Amino acid sequence: MKIAELMREGFDYAGGGCDVDPIPVRARSEFWRSGHTPTLIAAFLYFDLAFMVWVLLGPLAPDIAATLQLTAAQKGLMVATPTLAGAILRVVSGLLVDRIGPKRSGAISQVIVIAGLFSAWLLGVNSFAGTLALGVVLGFAGASFAIALPLASRWYPPEHQGKAMGLAGMGNSGTVLAALFAPTLAKLFGWNAVLGLACIPLALVFVAYVLMAKDAPDAPAPKRFVEYLRPLATADSWWLMGFYAVTFGGFVGLAASLPIYFTDRFGLTTIAAGYCTAACVFAGSLVRPLGGALADRIGGVKALSVVYAVAALALAAVSIAPTVAAALAAFVVAMLALGTGNGSVFQLVPQRFQAEIGVMTGLVGMAGGIGGFYLASSLGVAKQLTGSFASGFLIFSGLSLLALGGLTLVKAKWRANWSSGARI
């Protein structure tokens, strides 16, 4: 067959000694043709900027703590509060998504966050209680998880769920933006001014979101309230929530806590600590879609098994790291593993709960937020009680091993009983 004919059949010409690349072009583009790209982009942008402000108190924590004279435990609770608020609000957002649709749910959430940040900038945050109140408002940004993912994923078939949710979920790279720019802006204008400056990109993304996002036409019909909670009657939902509490909890807990860790443990400046945090968070964010794609290829169970083992070793290494370089290397490895795990868990969720994807995204996301709250707050408590962060990292390393054991227990049952057609 001639090359031109092969090209018409959908193949690439490779050149050289092999005339034909055996991978069809149409197979490569099938993912993009199977869904709605503008909505996927809108979901990513919304998620990205929401995550940027969700963890904003982390990079600002050293400056806020110095101004308000906070203890180590108070610092830990301050950066953990948005995570806990986001966890709770993810359930509310998941229910709202199934009632009024993800697009409108996302618009409401964005307006609340922008108004809250603008008010905090205008009125000022002058007490520890004020930081907690701001943290609750920022929780609405964390709840974006339960909105952005179903907004994107409902457009894609089961065999592409991992990639779709991974690409939308890569918006957690917004934590990189907070780590990179918040400390520098705080040094130039003061940390309170950063709250107002954050409203500018949020407003721009809100406009793009309204113009680009579109609800999928085959969304499930609204159910009675009690029906939303039926997945909790199944053990599978609790397993998936537990697995995500470790992967995403580790990711967001570290993203919020690393600026405090690097400044307190090694005496780095807030800007240098922000750069170190950005490097770690970027690694975890970058691999989230790769984790989804990997899970599509080899199955979420296999991917998660490797994730938990690597994360446990890396977090244990952090606890004994003697230098900044050693700690940074261990954190990057941990974040790579946890980011891969985030994408892998959400390759599994729609295989088991396609009809309840909205509420399950909220429930699983809530569990991830609770895991992040635990890690961020426990590190502050560990520092105050023992003078070191080590015990906090070791406990979370143990939780990774516990998750690995749980996955080993359920994987055979899942493979036998789930029949979505995708790899498990």
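K.L.:
Explain the packing of aromatic side chains here, please?
P.N.:
Per the stated rule, a full pass over the model turns up 20 aromatic pairs. Geometrically, the ring pair formed by phenylalanine 243 and tyrosine 308 is tilted, given 6.1 Å between the ring centres and 45 degrees between the ring planes. With a gap of 65 residues between them, phenylalanine 243 in helix H14 (residues 235-266) and tyrosine 308 in helix H17 (residues 300-319) connect regions that are remote in the sequence. Here the aromatic residues Phe47, Phe51, Trp54, Tyr244, Phe248, Phe251 and Phe346 are joined through ring pairs into a cluster of three or more. A cation over a ring is seen here: arginine 352 above phenylalanine 353, with NZ or CZ 4.5 Å from the ring centre.

K.L.:
Teacher, can you tell me more about the confidence of the model for the protein here?
P.N.:
Any region with low pLDDT has predicted coordinates that should not be read closely. Here the protein shows a mean pLDDT of 84. Residues at 70 or above account for 86%. Long-range and interchain partners of residues 1-28, a stretch whose pLDDT sits below 50, account for 28 contacts in this model, where long-range means more than four residues apart.

K.L.:
Sorry, what's going on with the pattern of salt bridges here?
P.N.:
Oppositely charged side chains are able to pair whenever their charged atoms sit close together. Counted under the stated rule, the structure contains two salt bridges. A salt bridge links lysine 75 to aspartate 264; the nearest nitrogen and oxygen atoms lie 3.0 Å apart. Linking lysine 75 in helix H5 (residues 72-100) with aspartate 264 in helix H14, this pair joins segments that are 189 residues apart in sequence. Across the pair aspartate 236 and arginine 352 runs a salt bridge whose closest N-O atoms are separated by 2.8 Å. Taken together, the positions of aspartate 236 in helix H14 and arginine 352 in helix H18 (residues 324-352) put the pair 116 residues apart, joining distant regions of the chain. When its relative accessible area of 7% is taken as the criterion, aspartate 236 is described as buried.

K.L.:
Can you walk me through helix H3 (residues 37-54) in this structure?
P.N.:
Each full turn of the α-helix corresponds to 3.6 residues, which orients residues three or four apart in the same direction. An ideal rise of 1.5 Å per residue puts 26 Å on 18 residues; H3 measures up with 25 Å between its terminal C-alpha atoms. Burial analysis of H3 places 13 of its 18 residues in the buried class, which makes it a mostly covered element.

K.L.:
Can you help me understand the environment of alanine 186 in this one?
P.N.:
With respect to the helices and strands, alanine 186 occurs in helix H10 (residues 174-189). For alanine 186, a relative accessible area of 9% corresponds to the buried category. The spacing of alanine 186 and aspartate 63 is 123 residues in sequence and 8.0 Å in space, taken between C-alpha atoms.

K.L.:
It is not clear to me how the environment of glycine 365 should be interpreted in this structure. Could you clarify?
P.N.:
Structurally, glycine 365 can be placed in helix H19 (residues 357-386). Expressed as a C-alpha distance, the spacing of glycine 365 and glycine 142, which sit 223 residues apart in the sequence, is 9.2 Å. For glycine 365, the residues in contact, after removing those within four places along its chain, are Arg90, Phe145, Tyr244 and Met360.

Cut-off values and rules
Residues numbered from 1 in each chain as written. Predicted model: local features only at pLDDT ≥ 70, side-chain atom pairs only at ≥ 80, totals over all residues. Heavy atoms only, no water. Phe/Tyr/Trp six-rings, centres within 6.5 Å; stacked < 30°, edge-to-face > 60°. Helix = DSSP H or I, 4+ residues; strand = E, 2+ residues; numbered from the N terminus. Lys NZ or Arg CZ within 6 Å of the ring centre and 35° of its normal. pLDDT = per-residue confidence, 0-100. Contact = heavy atoms within 4.5 Å. Salt bridge = Lys/Arg side-chain N within 4 Å of Asp/Glu carboxyl O. Buried < 20%, exposed > 50% of the residue type's maximum accessible area, 1.4 Å probe, protein only. Expected span 1.5 Å × (residues − 1).

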